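# Architecture at a glance
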Amino acid sequence: KHFNPDGKLKRCQAAVIVNNILDRKVNKEFLNTYSKNPYKDLSDKHWAYYQILDASNAHVSQKVTSTSNEEVWK
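This section reports on the structure supplied with the text. (Residues numbered from 1 in each chain as written. Predicted model: local features only at pLDDT ≥ 70, side-chain atom pairs only at ≥ 80, totals over all residues. Heavy atoms only, no water.)

### A look at the packing of helix α1 (residues 11-21) against helix α3 (residues 49-56)
- Following both chains from N to C, one finds α1 and α3 inclined at 60 degrees, their axes separated by 8 Å at the closest point. By crossing handedness, the relation of α1 to α3 is classed as left-handed. Contact residues: Arg11, Cys12, Ala15, Val16 and Asn19 in α1; Gln51, Ile52, Asp54 and Ala55 in α3.
- Looking at the contact of α1 with α3 residue by residue, the class counts come to 5 nonpolar, 2 polar and 2 charged. (Axes fitted to C-alpha atoms, helices over the stretch in contact; angles between N-to-C directions. Helix = DSSP H or I, 4+ residues; strand = E, 2+ residues; numbered from the N terminus. Left-handed = near helix turned anticlockwise from the far one by under 90°. Contact = heavy atoms within 4.5 Å. Nonpolar A, V, L, I, M, F, W, Y, C, P; charged D, E, K, R; others polar.)

### Considering the nonpolar core
- In this structure, Cys12, Ala15, Leu31, Leu42, Ala48, Tyr49, Tyr50, Ile52 and Leu53 together form the largest nonpolar core, which totals 9 residues.
- If you list the elements that add at least two residues to this core, you get α1 and α3.
- Ranked by residues supplied to this core, first place goes to α3 with 4 residues.
- The residues contacting cysteine 12, other than those within four sequence positions of it, are His46, Trp47, Ala48 and Ile52. (Core = buried A, V, L, I, M, F, W, Y, C linked by side-chain atoms within 4.5 Å. Buried < 20%, exposed > 50% of the residue type's maximum accessible area, 1.4 Å probe, protein only.)

### Focus on the pattern of salt bridges
- With the rule as written, the count across this model stands at 4 salt bridges.
- Taking the shortest distance from any N to any O, the salt bridge between aspartate 41 and arginine 11 comes out at 3.3 Å. With a gap of 30 residues between them, aspartate 41 in the loop between α2 (28-34) and α3 and arginine 11 in helix α1 connect regions that are remote in the sequence.
- Residue classification places arginine 11 among the partly exposed positions, given a relative accessible area of 36%. (Salt bridge = Lys/Arg side-chain N within 4 Å of Asp/Glu carboxyl O.)

### Quick look at the packing of aromatic side chains
- One pass over the structure, following the stated rule, counts 2 aromatic pairs.
- When the ring of phenylalanine 30 is compared with that of tyrosine 34, the centres are 4.8 Å apart and the planes differ by 40 degrees; the resulting orientation is tilted. Of this pair, phenylalanine 30 and tyrosine 34 both sit in helix α2, separated by 4 residues, roughly a single helical turn.
- Overall, phenylalanine 30 belongs to the partly exposed group, its relative accessible area being 28%.
- Its guanidinium or amino end placed over the ring of tyrosine 39, arginine 11 lies 4.8 Å from that ring's centre, counting from NZ or CZ. (Phe/Tyr/Trp six-rings, centres within 6.5 Å; stacked < 30°, edge-to-face > 60°. Lys NZ or Arg CZ within 6 Å of the ring centre and 35° of its normal.)

Given below as structure tokens:
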């Protein structure tokens, strides 16, 4: 991998950054059930598929416990 500080940020990279900043944990089961892929150029085989869907769907989530990574979406 190369670090390219002057390169353009890709959608997949931005999604991962946003999810990490907001401490979002991707819930694949929820996204498979309740979210449709609005992107014609995004395959469910893409490494950041769920990261992109999660970052582009508004939702409120709450940690199950303060020490858990598990979230409940509301």
